[in-house]
Amino acid sequence: MNPSELPLRDIHLPDPIGWWPLAPGWWVLLAVLLVAIALATWRYLRQDRRLLRLATRELNGLQRRYAQTIDAREFLLRVSQLLRRFAMAKVGRERSAGLQGSAWQEFLNAPLPDAPFSQLPGQLLIDAVYRPDLPPLDKQQVSRLSADCRRWLNALSTGKAGP
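Computed from a prediction, not measured in an experiment: that's the story for all the values here.

Considerations on the packing of helix H2 (residues 72–91) against helix H6 (residues 139–157)
At a minimum axis distance of 10 Å, the contact between H2 and H6 shows a crossing angle of 5°. By the angle class used here, H2 and H6 are roughly parallel. Along its contact with H2, which presents Phe 75, Leu 76, Val 79, Leu 83, Phe 86, Ala 87, Lys 90 and Val 91, the element H6 presents Val 142, Leu 145, Ser 146, Cys 149, Trp 152, Leu 153, Leu 156 and Ser 157. Considered class by class, the residues forming the contact of H2 with H6 number 13 nonpolar, 2 polar and 1 charged.

Here it is in structure tokens:
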């Protein structure tokens with residue numbers, strides 16, 4: 001028999017495999033990744049709100065304690081420590097822990113448009129530790145300082161960090 005007369009054809013290759021639609025394993029992996037990202041985001045936001053809630057609660061406690069003890073130096077020192085701890089938690093130790101004097105004051109004023117820490121009673125947070133003759137704060141000054149600190153905590157919590 002003559003080979004040219006045989007009804008043979010060349011090898012027929014299948015079409016190349018496309019990348020779409022994805023195999024079921026890839027869909028499962030994609031779903032797991034999306035759930036992991038959503039969970040991480042939820043935990044981060046929850047932690048953020050928790051920090052703000054704890055700081056606000058501590059500030060309220062300091063305000064109540066001041067009403068009982070009338071120790072201005074202790075109140076201002078504790079409020080300053082609270083603000084520093086919150087700043088370190090929110091923007092990092094490198095950006096906030098070493099700030100002193102006017103640099104700390106600028107950092108406190110940065111997220112708020114009216115710069116409340118440049119005037120009394122906010123100014124006392126900067127230099128109260130160094131004042132030997134610190135008079136007691138009246139109820140209005142304590143309320144104003146606490147309100148300014150709450151505004152600052154909320155502003156820093158929403159991402160408006162200092163310099």
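Quick notes on a nonpolar patch on the surface
On the surface, a cluster of nonpolar side chains totalling about 640 Å² of accessible area is made up of Trp 19, Trp 20, Trp 27, Leu 30 and Leu 34. The residue Leu 34 is located in helix H1 (residues 24–69) in this model. With a relative accessible area of 54%, Leu 34 lands in the exposed category.

Notes on the nonpolar core
In this structure, Phe 75, Leu 76, Leu 83, Phe 117 and Trp 152 are the most contacted members of the largest nonpolar core, which totals 33 residues. Elements that contribute at least two residues to this core include exactly H1, H2, helix H4 (101–109), helix H5 (124–127) and H6. The element that contributes the greatest number of residues to this core is H2, accounting for 9 residues. With residues near it in sequence (within four places) discarded, Leu 76 still touches Leu 124, Leu 125, Ala 128, Leu 134, Leu 137 and Leu 145.

Brief notes about the packing of aromatic side chains
Summed over the entire model, instances satisfying the criterion amount to 6 aromatic pairs. Aromatic pair Trp 19 and Trp 20: ring centres 5.5 Å apart, planes at 65°, arrangement edge-to-face. For the cation-ring pair, Arg 84 lies above Trp 104, with the distance from its terminal atom to the ring centre recorded as 4.1 Å.

What counts and how
- Residues numbered from 1 in each chain as written.
- Predicted model: local features only at pLDDT ≥ 70, side-chain atom pairs only at ≥ 80, totals over all residues.
- Heavy atoms only, no water.
- Axes fitted to C-alpha atoms, helices over the stretch in contact; angles between N-to-C directions.
- Helix = DSSP H or I, 4+ residues; strand = E, 2+ residues; numbered from the N terminus.
- Parallel < 35°, antiparallel > 145°, perpendicular 65-115°, else oblique.
- Contact = heavy atoms within 4.5 Å.
- Nonpolar A, V, L, I, M, F, W, Y, C, P; charged D, E, K, R; others polar.
- Patch = residues over 30% accessible without salt bridge, like charges linked within 9 Å, V, L, I, M, F, W, Y side chains within 5 Å.
- Areas by Shrake-Rupley, 256 points an atom, 1.4 Å probe, with all protein chains shown as cover.
- Salt bridge = Lys/Arg side-chain N within 4 Å of Asp/Glu carboxyl O.
- Buried < 20%, exposed > 50% of the residue type's maximum accessible area, 1.4 Å probe, protein only.
- Core = buried A, V, L, I, M, F, W, Y, C linked by side-chain atoms within 4.5 Å.
- Phe/Tyr/Trp six-rings, centres within 6.5 Å; stacked < 30°, edge-to-face > 60°.
- Lys NZ or Arg CZ within 6 Å of the ring centre and 35° of its normal.

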